[in-house]
Amino acid sequence: VMLTFLGDEEHGFNVVHHAEPLSGVVAASDILTAAHLDGSTLRWIDLDLDVELHENGRPELVDEDEFEEHQLRYRYPPEVIEGARRSAALAFDLATGGQFPFDRDRQFEDAHRLAREAP
């Protein structure tokens, strides 16, 4: 199950809930620029900073080294860096509390319900 927030600068992240844990990770969140739907294509820039939610319920901020390296390489403006840090902090806090969109059981229930209702 993947959730992405379109055009939402505050929620500059997506969340992917894995059906089966991958190396102990049950959900992964990429920190992004705001996602936009361009016709039938969903576009965003992955800023390489990630929040992972482990099987034991513990979130972890990962890939800070890549984020730091790419700030220099790609010359991220200060507002992109600040927005990424805010989004990462929000994703981490929501994952810590199991709140939407990190409410894994509900997301799978909703996905199954939508699949049953699809034409």
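Computed from a prediction, not measured in an experiment: that's the story for all the values here.

Caption draft 1: Region of the structure containing the side chain of Asp-48. Secondary-structure assignment places Asp-48 in strand 6 (residues 46-54). Among buried Asp, Glu, Lys and Arg side chains, Asp-48 stands out as unpaired, with Arg-73 the closest opposite charge at 7.7 Å. Side chain to side chain, Asp-48 and His-70 meet in a polar contact 2.4 Å long. Setting aside anything within four residues of it in sequence, one finds Asp-48 in contact with Ile-31, Val-62, Asp-63, Glu-66, Phe-67, His-70 and Tyr-76.

Caption draft 2: Summary view of the sheet that holds strand 6. Spatially, 5 strands are ordered 1-2-3-6-7 in an open sheet, and the strand pairing comes out antiparallel. If you trace the sheet from one side to the other, it starts and ends with strand 1 (2-4) and strand 7 (59-62), each paired once. Taking the axes of each pair of neighbouring strands and ignoring which way they run, one obtains an average angle of 20° across the sheet. Two strands pair when backbone bridges link them, and strand 2 (residues 14-22) and strand 3 (residues 25-32) are joined in this way by 3 bridges, in the antiparallel orientation. Note that in strand 3 the partner of Leu-22 across the bridge is Val-25. Helix 2 (residues 78-97) contacts strand 3, strand 6 and strand 7 of the sheet and is inclined by roughly 10° relative to strand 6.

Caption draft 3: Fine view of unusual backbone geometry. For the peptide bond that leads from Phe-100 to Pro-101, omega is 5°, which places it in the cis range. One can find Pro-101 in the loop between helix 2 and helix 3 (104-117). Positive phi, close to 55°, is recorded for Ser-23, a residue that is not glycine. Along the chain, the position of Ser-23 falls in the loop between strand 2 and strand 3. Positive phi, normally seen in glycine, also occurs at Asp-48, with a value near 70°.

Cut-offs and rules
Residues numbered from 1 in each chain as written. Predicted model: local features only at pLDDT ≥ 70, side-chain atom pairs only at ≥ 80, totals over all residues. Heavy atoms only, no water. Helix = DSSP H or I, 4+ residues; strand = E, 2+ residues; numbered from the N terminus. Buried < 20%, exposed > 50% of the residue type's maximum accessible area, 1.4 Å probe, protein only. Lys, Arg positive; Asp, Glu negative; His and termini not counted. Salt bridge = Lys/Arg side-chain N within 4 Å of Asp/Glu carboxyl O. Polar contact = N/O pair within 3.5 Å; in protein donor to acceptor, adjacent residues only side chain to side chain. Contact = heavy atoms within 4.5 Å. Pairing = 2+ DSSP bridges. Axes fitted to C-alpha atoms, helices over the stretch in contact; angles between N-to-C directions.

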